[in-house]
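# Coordinate inspection notes
Listed below are the residues making up each chain.
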Amino acid sequence: MREQLAVIGAGTMGHSIALTAAWAGMPVQVWAADLHDLNKGKAGIEEKLAILRDNQLITDDEQIEIEQRIRFTTALEACLSGATFVIEAIPENLPLKQIWFEKLDRLCGEDVILASNTSGLSPTDIAWKARYKHRILVTHFWNPAHLIPLVEVVRGAETSDEAAQRAMNLLNHMDKKPVELKKDVLGSIVNRLQYALFREAQYIAEMGVATIEDIDTAVKYSIGRRLPVTGPFMTADMGGLDVFDSISGYLFPDLSTHSASLPAMRALVDSGSYGQKNGKGFYEWTPAFSRQMNREREQELMDWLKKDRRNRTPETT
Ligand SMILES: NC(=O)c1ccc[n+]([C@@H]2O[C@H](COP(=O)([O-])OP(=O)(O)OC[C@H]3O[C@@H](n4cnc5c(N)ncnc54)[C@H](O)[C@@H]3O)[C@@H](O)[C@H]2O)c1
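Residues numbered from 1 in each chain as written. Predicted model: local features only at pLDDT ≥ 70, side-chain atom pairs only at ≥ 80, totals over all residues. Heavy atoms only, no water.

### What about the UniProt feature "domain: 3-hydroxyacyl-CoA dehydrogenase NAD binding" (unreviewed entry) in the protein?
Here the UniProt feature "domain: 3-hydroxyacyl-CoA dehydrogenase NAD binding" (unreviewed entry) sits at residues 5-184. The span residues 5-184 carries 43% helix and 20% strand; its end-to-end C-alpha distance comes to 24 Å. (UniProt positions renumbered as here; feature names shortened; annotations may be inferred. Helix = DSSP H or I, 4+ residues; strand = E, 2+ residues; numbered from the N terminus.)

Here it is in structure tokens:
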């Protein structure tokens, strides 16, 4: 089935999800909260397309075609008109998402799939106020959605097999690497792993073992180099399970079990230092440093995407 996609929200995730779909040849309608939101979303698409073109990931003609496939609107009914698959990307707030899913459920036919891009909220909770819960699930794209291949698909308690299958089909068609979870757990797979690493990194810094810069360097130049090739289980197999078992025996009891942010992080957040977005976090984010880091990260992600595309087998193209 060829899905007609609508995206709710034109922010960081909304516009890059729309770009992903349009890049895969799909027309997509995006709902923006107001004109300011709409213009920001459009500008984000234009900027990302120019970078993709400058990196030879798309041609000049493709740049125009992709942009033409994306229609922005502030009228919700117009955005949903003809849609068979809706992806919500509004703020991470459970009561707000519940209100929106109740509204989308009312406005969309029973067969329209309603997916949330939540970072870790439960699809069962999100669907709580909706009548037709069988068509509600999570499709968790990673930021930036057009450059990170993984999408986690999470079913709620009442999500049907058909809805999950349609989500997997759509994401494969969008050229993503979807992974379906067998259970609805907070944080899905990758945020659980990412936050386990983040907690331990904070703990190591708190104990005075190393500076935050050195901890970042240690991760980037070790497991950071290996993880794109071997995930944690394959890494253990290749290292030797006997070795990993004896290290686990003395190390697991010594790892952090904190159940909230550690003091340095708490102090930053409490003082309004939120990181890149307002100039100070663990690092000082001058405009020049911010530009440089965004460019470096984006370049690295595009290099990976080029590699993925070169490595595609003929059957998967
Ligand atoms: N930013 C990330 O790195 C990232 C990664 C993966 C998943 N997510 C998840 O994606 C979702 C969207 O995140 P984002 O970073 O794109 O947020 P964002 O703040 O960039 O965009 C949110 C969008 O929702 C709109 N909006 C604001 N208030 C609203 C309201 N009351 N009702 C309806 N719309 C409203 C905004 O105008 C904007 O279009 C969240 O659930 C978030 O957890 C974010």
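### A closer look at the domain arrangement of the protein
Partitioning the protein into domains gives domain 1 (5-180) and domain 2 (191-311). Taken together, the two surfaces of domain 1 and domain 2 that pack against each other cover about 1,200 Å², and 60% of this comes from carbon and sulfur. Summed over the three residues of domain 1 that lose the most area to domain 2, namely N55, L57 and L147, the buried surface amounts to 43% of that side. Run the count over domain 1 and domain 2 and you get one salt bridge. Note that D175 and R309 form a salt bridge whose closest N and O atoms lie 3.8 Å from each other. (Domains from an automatic or database assignment. Buried area = accessible area lost by both parts, 1.4 Å probe. Salt bridge = Lys/Arg side-chain N within 4 Å of Asp/Glu carboxyl O.)

### Focus on the UniProt feature "domain: 3-hydroxyacyl-CoA dehydrogenase C-terminal" (unreviewed entry) in the protein
When the UniProt feature table is mapped to this numbering, "domain: 3-hydroxyacyl-CoA dehydrogenase C-terminal" (unreviewed entry) covers residues 187-285. In this annotation, residues 187-285 is assigned 58% helix and 0% strand; the end-to-end C-alpha distance for the span is 28 Å.

### Some thoughts on the packing of aromatic side chains
Inspection of the entire model under this criterion finds five aromatic pairs. A centroid spacing of 6.4 Å and a plane angle of 85° characterise the contact between F198 and F282, whose relative ring orientation is edge-to-face. Of the two residues, F198 is situated in helix 8 (residues 190-206) and F282 in the loop between helix 13 (263-270) and helix 14 (287-311); the sequence distance between them amounts to 84 residues. Residue F198 is classed as partly exposed on the basis of its relative accessible area of 29%. Judged by its relative accessible area of 36%, F282 is partly exposed. Members of the aromatic cluster, joined through ring pairs, are Y195, F198 and F282. Sitting over the face of the ring of W100, K103 holds its NZ or CZ atom 3.9 Å from the ring centroid. (Phe/Tyr/Trp six-rings, centres within 6.5 Å; stacked < 30°, edge-to-face > 60°. Buried < 20%, exposed > 50% of the residue type's maximum accessible area, 1.4 Å probe, protein only. Lys NZ or Arg CZ within 6 Å of the ring centre and 35° of its normal.)

### Brief notes about the site of the ligand
Around the ligand, a shell composed of 21 residues is seen, among which M13, D37, E92, K97 and S119 lie nearest. D37 is positioned such that a nitrogen or oxygen atom in its side chain is 2.7 Å from an oxygen atom of the ligand. For the ligand, whose unbound accessible area comes to 830 Å², protein coverage reaches 70%. At the level of secondary structure, the elements contributing two or more residues to the shell around the ligand comprise helix 1 (12-23), helix 5 (94-107) and strand 6 (136-141). For the shell around the ligand, the element with the highest residue contribution is helix 5, accounting for three residues. Across the shell around the ligand, the residue classes break down as ten nonpolar, eight polar and three charged. (Near = heavy atom within 4 Å. Polar contact = N/O pair within 3.5 Å; in protein donor to acceptor, adjacent residues only side chain to side chain. Areas by Shrake-Rupley, 256 points an atom, 1.4 Å probe, with all protein chains shown as cover. Nonpolar A, V, L, I, M, F, W, Y, C, P; charged D, E, K, R; others polar.)

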